[in-house]
Amino acid sequence: MHDFEPRPSVIRLRARLARRLGGCAAAGLLALLALALLLASAVAACAWSAWEAIGAGRPLATLMWVGAGLGCAAIALAALHALLRPAPQTQGILLPRPAAEEFFHLLDELAERAGVPPVRHVRITDEVNAAVVQRPRFGLFGPLRTELLVGLPLVHSLSALQFAAVLAHEFGHIAAQRRGWGGWGGYARAWWARVLDTLLGDAAEGDSLLGRHAARFFHDMLRLARVEELEADARAAMLVGPVLLGETLIELSRKAHFLEHDYWPRVQALRSADDGSRVRPFREMGHGVAAGYAQAVIARSRELADARGRGDAFHPSLQRRLCALRVTVDPQPQAGASAAEHFFRALLPSLAWIFDRAWWEVSRIERHPMLVPEEGEAAGV
């Protein structure tokens, strides 16, 4: 363990936000469930009253009770639909342990050092990202199951040590925020966010009482997400050291910028220029990052400097994260094999083939442009 102390203010703020938002989410879920049950009882009462009105020969009262019952049923069904909306399914290729023994040994070591249970389920995705996802084993209920998502572009972009620092950050999330009731609190907050999104849709920031509550809730959820990133960074710095983590954050920021603003635009341009092109972006990604990335050029990019200053909705800016780590890092060019070559060398052809096939299927979707009149024709009204 490295001698690094997280800032107490960050820990207190994260705990306070998590408790408040978790309690708000639990209260909202219980209130909506109670409303659905109350409305179901009202539907039964309206049905009974309508039946009595039919027996008494009162057609106007019958219509009134039927209408009231249908209205209550519609609201109850909408509440149940929002409550039972499932979480998005995790995407990616499930990685069996025998296929990457050294990688899973690293996961076991980091889990032991972080004091958390081992992660048994890993999926490889096509994003420049890594994340930890917790879901109940049986849909909406059951013991929480932890999955680690690792992006293939990410492991092409980092060395083995830097990749270990990213994994330490993800285990920092588990250790600090997702153990015991903390995991259930995170699940309740995500559940309530889905409910609000379903109930309000695009009107989440409307003038209604629920709309104003949703706007505040989502704002505080984003604030909590950024604070959680700082706390996970602090936990990771205790495992791998703040200097290595700072170097990793800078390297990943620059490689992600390269992939987004250089590599993928070139791939798309080649695909658009030649329908018969045999470009395979994921197969060539390792060579593309190694050969196409020029650190000196990227470092001088004004666009990158602006992006580093802004951060995004879920992450603090890079400067803010480095400041919290209390390091000033002068990044060095990546030496040696990438994490992809180190941990997944035998799997790379298969993984690239799967992701390339999916990319080609998406790129082949025909997009029909709006029809315009031929030159000299009059457009109909």
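Structural data are supplied above this passage.
Each chain carries its own residue numbering, running from 1 in the written order of its sequence. Thresholds applied to this predicted model are a pLDDT of at least 70 for local features of residues and 80 or more for the giving and counting of side-chain atom pairs; totals over whole chains, interfaces and linings are not thresholded and use all residues. Side-chain numbers here rest on the full set of heavy atoms in the structure, without hydrogens or water.

**Student:** Teacher, can you tell me more about the sheet that holds strand 3 (residues 130–138) here?
**Tutor:** Consider a sheet: its strands pair through backbone hydrogen bonds, and that pairing is either parallel or antiparallel. Pairing within the open sheet is mixed, and its four strands lie in the order 1-2-4-3. Where the open sheet ends on each side, the last strands, each with one partner, are strand 1 (93–94) and strand 3. Here a strand pair is declared whenever DSSP counts at least two bridges between the two strands. Helical segments are the DSSP runs of H or I of at least four residues, strand segments are the runs of E of at least two, and each set is numbered from the N terminus. Examined bridge by bridge, strand 1 and strand 2 (residues 121–125) share two bridges and lie antiparallel to one another. Counterpart to isoleucine 93 in the pairing with strand 2 is isoleucine 124.

**Student:** It is not clear to me how a nonpolar patch on the surface should be interpreted in this structure. Could you clarify?
**Tutor:** Two distance rules govern patches: like charges are joined within 9 Å, and nonpolar side chains (Val, Leu, Ile, Met, Phe, Trp, Tyr) within 5 Å, applied only to residues with over 30% relative accessible area and no salt bridge. To measure how exposed things are, a 1.4 Å probe is used in the Shrake-Rupley method; for residues, cover is taken only from the protein chains shown. A pair is scored as a salt bridge if a Lys or Arg side-chain nitrogen falls within 4 Å of a carboxyl oxygen belonging to Asp or Glu. A surface patch of nonpolar side chains, about 470 Å² in accessible area, is lined by Leu33, Leu37, Leu77, Leu80 and Leu84. Take leucine 84: it is sitting in the loop between helix 2 (59–83) and strand 1.

**Student:** Help me understand the nonpolar core in this model?
**Tutor:** Note on soluble globular proteins: their nonpolar side chains tend to be buried together. Within the largest apolar cluster, 66 residues are counted, with the highest numbers of intra-cluster contacts made by Leu95, Phe103, Val122, Val155, Phe163, Phe171 and Phe344. At 10 residues, helix 5 (residues 160–177) tops the list of elements feeding residues into this core. Apart from residues no more than four positions distant in its own chain, leucine 95 is found in contact with Ala100, Phe103, Phe104, Val122, Ile124, Phe344 and Leu347. The term nonpolar core refers to a set of buried residues drawn from Ala, Val, Leu, Ile, Met, Phe, Trp, Tyr and Cys, joined through side-chain atoms within 4.5 Å. Burial classification: accessible surface area is computed with a 1.4 Å probe over protein chains only, and a residue below 20% of its type maximum counts as buried, one above 50% as exposed, and the rest as partly exposed. Working rule for contacts: check all heavy atoms of both residues, and any pair within 4.5 Å makes them a contact.

**Student:** Hey, could you run me through the packing of aromatic side chains in this one?
**Tutor:** One pair of aromatic rings is described through two measures. These are the centre distance and the angle between the planes. Each aromatic pair joins two rings of Phe, Tyr and Trp (for Trp, the six-membered one) with centres within 6.5 Å, and gets the label stacked for planes under 30 degrees apart, edge-to-face for over 60, and tilted for any other angle. Taken as a whole and assessed by the stated rule, the structure comprises 14 aromatic pairs. Aromatic side chains phenylalanine 103 and phenylalanine 163 sit 5.9 Å apart centroid to centroid with 15 degrees between the ring planes, which places their arrangement in the stacked category. With phenylalanine 103 in helix 3 (residues 101–114) and phenylalanine 163 in helix 5, this pair connects stretches of sequence that are 60 residues apart. The pair formed by phenylalanine 103 and phenylalanine 163 is uniform in burial state, with each residue classed as buried. Chaining the aromatic ring pairs together yields one cluster made of Tyr263, Trp264, Phe282, Phe355, Trp359 and Trp360.

**Student:** Would you mind going over a positive patch on the surface with me for this structure?
**Tutor:** Neither His nor the chain ends contribute to the count of charged residues, in which Lys and Arg are positive and Asp and Glu negative. Where a charge lies is defined by one atom per residue type: Lys uses NZ, Arg uses CZ, Asp uses CG and Glu uses CD. On the surface, a cluster of positive charge is contributed by Arg12, Arg16, Arg19 and Arg223. Looking at the positive patch element by element, the count peaks at three residues for helix 1 (residues 8–55). Relative to the elements of secondary structure, arginine 19 occurs in helix 1. For arginine 19, a relative accessible area of 58% corresponds to the exposed category.

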